[in-house]
Amino acid sequence: MRPTFQLQRSQAPAATAGVHTRDVLGVPVSMVDYERTMQVMDRLVTTRERGYVCVAPVHALVEAQDDRELQGALQGATLVVPDGMPVVWAANLMGESLDDRVYGPELMLRYCAVCAERGRRVWLYGGRDQGSLAQLALSLRRRFPAIQIVGGYSPPFEALRAEEESFVVDQINEIQPDVVWVGIGVPKQEKWMARMRDRLEVPVMCGVGAAFDFHSGRVPMAPAWMQQRGLEWVYRTAHEPRRLLPRYLKTNPRFVLGVGRQYLAERGRT
């Protein structure tokens, strides 16, 4: 039998009715594609029910093994979508039938197109600095002329003081966007969304990590053929070796070993 996570009925968002989840290293990963993910996001906007979406690459699933706050944020998300191809392969190894991942940068573009078409109001939280955030907003407006970007904020690297965080919360709640894109990286973005869900009057928050850098033109994106073969990490390491090589050397072997142990354990129970 395949283990799944189910929230209690009183806690489960109505928007996720019928969404199946699969345990991957203790995280309930939603077995969804782009279309299903955007349907859930649209339902949240329509009903004004508050939720947040986490995109789950290998890095997030492995870090959650040692970080209980991150694990709690992932387990409490409305959706945790399979961002990396290795996550898709791991789920399929355990009996699922996913055709593709739900890649954060691509999800951002697809749902921004929906926002532009349907008049959804967008807020941007993240970026390396205000200049990068402004470039991202300009890039999105060029791509989607009708998009309503109603505000944004690039937080400093260090944690915000309580009064600074309250200022950002008040700004967002006053403007009342429909979607807040969060690009401050794993695990900060997942923890921030979990902490903000009850404070922000926003139906959808979605953490998309490096999408802000990619879509602002600050960092190049891996070619499609590398993404499809699970080799994006090689491309990104070549461009940012000092920052990313230690991460991948730590997380990739742990992911393979962890998935292998989980697979053998599940086979032993059948």
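Residues numbered from 1 in each chain as written. Predicted model: local features only at pLDDT ≥ 70, side-chain atom pairs only at ≥ 80, totals over all residues. Heavy atoms only, no water.

Student: Report on the overall build of the chain, specifying residues and quantitative values.
Tutor: Scanning the chain from terminus to terminus reveals 12 helices and eight strands. Projecting the C-alpha coordinates of the chain onto the three principal axes gives extents of approximately 55 × 45 × 35 Å. In the chain, which comprises 270 residues, the proportion classed as buried is 52%. Here the contacts in the chain between residues at least 6 apart in sequence split such that 74% fall between residues at least 24 apart. In the structure as shown, the chain presents an accessible area of about 12900 Å², 52% of it carried by carbon and sulfur atoms. (Helix = DSSP H or I, 4+ residues; strand = E, 2+ residues; numbered from the N terminus. Buried < 20%, exposed > 50% of the residue type's maximum accessible area, 1.4 Å probe, protein only. Contact = heavy atoms within 4.5 Å. Areas by Shrake-Rupley, 256 points an atom, 1.4 Å probe, with all protein chains shown as cover.)

Student: Report on the sheet that holds strand 5 (residues 121–126), specifying residues and quantitative values.
Tutor: Strand order across the open sheet formed by six strands is 4-3-8-7-5-6, with parallel pairing between neighbours. The two strands at the open ends of the sheet, each matched to only one other strand, are strand 4 (79–82) and strand 6 (148–153). With strand direction ignored, the average angle separating the axes of adjacent strands in the sheet is 20°. Against the sheet, helix 5 (residues 104–118) touches strand 3 (51–56), strand 5, strand 7 (179–183) and strand 8 (204–207), its axis set at about 160° to strand 7. (Pairing = 2+ DSSP bridges. Axes fitted to C-alpha atoms, helices over the stretch in contact; angles between N-to-C directions.)

Student: Outline the nonpolar core, supporting the account with residue identities and numerical values.
Tutor: Among the nonpolar cores identified, the biggest contains 42 residues, and Met108, Tyr111, Leu124, Leu140 and Trp181 are the most heavily contacted of them. The element that contributes the greatest number of residues to this core is helix 5, accounting for eight residues. If we ignore the near neighbours within four places in the chain, the residues touching leucine 124 are Met108, Leu133, Leu136, Ala137, Leu140, Ile149, Gly151, Gly152, Tyr153, Trp181 and Phe212. Ranked by size, the runner-up nonpolar core spans 40 residues in total, among them Ala56, Val58, Ala90 and Leu98. (Core = buried A, V, L, I, M, F, W, Y, C linked by side-chain atoms within 4.5 Å.)

Student: Would you mind going over the pairing of strand 8 in detail, with residue names and values included?
Tutor: Across the two faces of strand 8 the burial is the same, with Val204 and Cys206 and Met205 and Gly207 all buried. Bridge count between strand 3 and strand 8: four bridges; the pairing is parallel. Paired with cysteine 54 across the bridge in strand 8 is glycine 207. After leaving strand 7, the chain enters helix 8 (residues 188–196) and then returns to the sheet as strand 8, a path that is right-handed. (Right-handed = clockwise from strand over helix to strand, strands pointing away.)

Student: Any details on the packing of aromatic side chains? Residues and values, ideally.
Tutor: Using the criterion set out here, one finds four aromatic pairs in the structure. Three or more aromatic residues joined by ring pairs make a cluster, and in this case those are Tyr125, Tyr153 and Trp192. Across the ring face of tyrosine 103, the terminal group of arginine 101 is positioned such that the distance to the ring centre comes to 3.8 Å. Across from the ring centre of tyrosine 34, 3.9 Å away, lies the NZ or CZ of arginine 110, which sits over that ring. (Phe/Tyr/Trp six-rings, centres within 6.5 Å; stacked < 30°, edge-to-face > 60°. Lys NZ or Arg CZ within 6 Å of the ring centre and 35° of its normal.)

Student: Help me get a handle on the pairing of strand 7, residues and values and all.
Tutor: Of all five residues in strand 7, five are buried, a share of seventy percent or more. Relative to strand 7, strand 5 runs parallel, the two sharing five bridges. Along strand 7, the bridge assignment pairs tryptophan 123 with valine 180. Across four bridges, the pairing between strand 7 and strand 8 is parallel.

Student: Run through the state of the cysteines, naming residues and quoting values.
Tutor: Per the counting criterion, the structure on display carries zero disulfides. With no disulfide partner, cysteine 112 has as its closest neighbouring cysteine sulfur the one in cysteine 115, 5.7 Å distant. For cysteine 112, a relative accessible area of 0% puts it in the buried group. (Disulfide = S-S within 2.5 Å.)

Student: I'd like a description of the confidence of the model for the chain, backed by residues and values.
Tutor: When pLDDT is averaged across the chain, the result is 92; 95% of the residues are at 70 or more. Every residue in residues 1–11 is under pLDDT 50, and counting partners more than four places away or in other chains gives 21 contacts. (pLDDT = per-residue confidence, 0-100.)

Student: Kindly report on helix 8, identifying the contributing residues and their values.
Tutor: Counting along an α-helix, one turn takes 3.6 residues, and residues three or four places apart therefore face a common direction. Looking at helix 8, one finds that the buried residues are Gln189, Glu190, Lys191, Trp192, Met193 and Met196. Its buried side turned inward, helix 8 meets strand 3, helix 3 (68–75), strand 5, helix 7 (162–175), strand 7 and strand 8.

Student: Account for the packing of helix 4 (residues 85–93) against helix 12 (residues 241–269), naming residues and giving values.
Tutor: Where helix 4 contacts helix 12, the two axes come as close as 10 Å, and the packing angle between them is 15°. It follows that helix 4 is roughly parallel to helix 12 by the angle criterion. Crossing of helix 4 over helix 12 shows right-handed handedness. From helix 4, Pro86, Val87, Ala90 and Leu93 reach across to helix 12, where they touch Phe255, Val259 and Tyr263. Here the contact of helix 4 with helix 12 is built from residues that sort into seven nonpolar, no polar and no charged. (Parallel < 35°, antiparallel > 145°, perpendicular 65-115°, else oblique. Left-handed = near helix turned anticlockwise from the far one by under 90°. Nonpolar A, V, L, I, M, F, W, Y, C, P; charged D, E, K, R; others polar.)

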